[in-house]
Amino acid sequence: MAQEFYIRADANSQIATGHVMRCMSIAEALERRNYRCIFIMADREGEALLKGKYSVICLNSQWNRLDDETEKMEALIRDRGIERLLIDSYFVTEDYLKRINSLTKTFYIDDLDRFLYPVDTVINYSIYADSFDYEKRYRQAGMNTRFLLGCEYAPLRSEFREVSCLVREQVNNILITTGGTDHYNVAGRLAEKVMRSKEFKDITVHIVAGAYNKNKEQLKQLGSSFKRVELHENVTEMAKLMAFCDIAITAGGTTTYELCACGIPSIAIALADNQLNNVKRFAEEGLLLYAGDITRNKAAVLETVFIYLQRLIKSRELRQQFFLRMQSKEIKNGSEHIAEALL
């Protein structure tokens with residue numbers, strides 16, 4: 001009989017899908033080790049992402065007020081005999097984590113470094129995790145916290161372990177993936193601009209619409225107006241779709257790590273403050289082109305994306321350089337590394 005492992009994470013139209021998606025990748029790796037994963041959520045809004053694959057315990061709490069659910073979590077830990085708990089939420093507090101960690105071994109996925117987390121293990125798979133100097137600061141505070149840091153712990157789905165990509169002579173397909181929400185309709189704006197440009201007349205644009213994208217009707221109309229625009233929803237084989245495309249335009253979250261695993265030359269846009277450090281470090285290491293922060297200047301960022309697109313399309317040599325640098329990063333087995341550490 002499979003043992004149980006519990007994961008506390010949420011997804012909704014405000015915080016998008018990233019927290020639950022990366023936890024599902026870890027859950028896959030745990031399943032391969034004969035563990036049954038159970039998700040604990042504030043409400044039912046994110047449950048659809050799990051597609052019936054995992055059981056859900058609904059706390060009937062507020063996703064952005066975790067302190068209010070502490071007593072429910074404590075009772076759940078005692079009733080279920082939870083021995084290990086993975087938490088992925090930006091709304092934890094020091095008191096919340098301290099109380100939870102006093103009852104069960106607690107693992108926390110971090111990329112903000114908001115305070116010293118009183119947990120057993122901190123996981124930060126960010127490419128810039130070294131900049132936080134975790135070890136020194138926690139030891140100075142007398143904490144024995146363990147750390148899993150860097151790209152080798154990027155929680156990618158199993159499909160990215162086997163993906164094989166090519167740098168083709170010509171660019172025929174461009175992927176646009178802008179996270180779970182895309183409040184600024186970056187995908188629609190870029191796709192329409194590409195379609196109306198004569199120099200891109202032979203290129204097909206593939207748009208991945210996230211679960212909470214409010215622009216889907218507009219994107220569907222765009223697909224109806226232009227035969228070379230294809231809308232993809234509920235994508236089950238993202239690695240395969242990435243490998244089919246020659247260039248990607250992406251938000252600055254976990255998708256940047258997926259594209260890096262595939263070796264797809266990419267242009268990144270920061271759609272939220274917590275993506276800035278990520279895309280900037282990726283760009284500094286020559287792993288992608290960073291077009292800017294969409295929240296600051298939409299027009300300038302979109303124009304920069306267009307300029308970078310032109311460069312990549314014209315030069316196979318440039319695309320090959322990005323491919324080789326991306327492939328040199330060891331990030332395909334991150335979920336496996338995390339699963340081993342959790343157990």
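Residues numbered from 1 in each chain as written. Predicted model: local features only at pLDDT ≥ 70, side-chain atom pairs only at ≥ 80, totals over all residues. Heavy atoms only, no water.

## Section: the sheet that holds strand S3 (residues 55-58)
Right, so step 1: Strands sit in the order S3-S2-S1-S4-S5-S6-S7 across an open sheet of seven strands; the sheet is parallel. What marks the edges here is a single partner per strand, and that holds for S3 and strand S7 (146-149). Going across the sheet, the axis of each strand differs from the next one's by a mean of 20°, ignoring polarity.
Right, so step 2: Bridge analysis of strand S1 (residues 3-9) against strand S2 (residues 35-41) gives six bridges, and the strand direction is parallel. (Pairing = 2+ DSSP bridges. Helix = DSSP H or I, 4+ residues; strand = E, 2+ residues; numbered from the N terminus. Axes fitted to C-alpha atoms, helices over the stretch in contact; angles between N-to-C directions.)

## Considerations on the side chain of serine 335
Right, so step 1: Here serine 335 lies in helix H12 (residues 334-342).
Right, so step 2: Judged by relative accessible area, serine 335 falls into the buried class, the value being 3%.
Right, so step 3: A polar contact is formed between the side chain of serine 335 and the backbone oxygen of leucine 156, at a distance of 2.7 Å.
Right, so step 4: The contact partners of serine 335, leaving out residues within four places of it in the chain, are Ser25, Ile26, Ala29, Ala154, Pro155 and Leu156. (Buried < 20%, exposed > 50% of the residue type's maximum accessible area, 1.4 Å probe, protein only. Polar contact = N/O pair within 3.5 Å; in protein donor to acceptor, adjacent residues only side chain to side chain. Contact = heavy atoms within 4.5 Å.)

## Description of the packing of aromatic side chains
Right, so step 1: Per the counting criterion, the structure on display carries 12 aromatic pairs.
Right, so step 2: Ring centres of phenylalanine 132 and tyrosine 134 lie 5.4 Å apart, and the angle between their planes is 65°; on these two criteria the pair is classed as edge-to-face. Taken individually, phenylalanine 132 and tyrosine 134 each receive the classification buried, so the pair is uniform in this respect.
Right, so step 3: An aromatic cluster is present here, built from Tyr128, Phe132, Tyr134, Tyr138 and Phe147 joined pairwise through their rings.
Right, so step 4: Its end group placed over the ring of phenylalanine 322, arginine 325 keeps NZ or CZ at 5.0 Å from the ring centre. (Phe/Tyr/Trp six-rings, centres within 6.5 Å; stacked < 30°, edge-to-face > 60°. Lys NZ or Arg CZ within 6 Å of the ring centre and 35° of its normal.)

## Considerations on unusual backbone geometry
Right, so step 1: Backbone geometry at aspartate 182 places phi at a positive 55°, although glycine is not the residue there.
Right, so step 2: Within the fold, aspartate 182 resides in the loop between strand S8 (173-177) and helix H5 (186-195).
Right, so step 3: On the basis of relative accessibility, which here comes to 2%, the residue aspartate 182 falls in the buried class.
Right, so step 4: Positive phi, normally seen in glycine, also occurs at asparagine 185, with a value near 50°.
Right, so step 5: Secondary-structure assignment places asparagine 185 in the loop between S8 and H5.

Coordinates in, geometry out; function isn't part of it.
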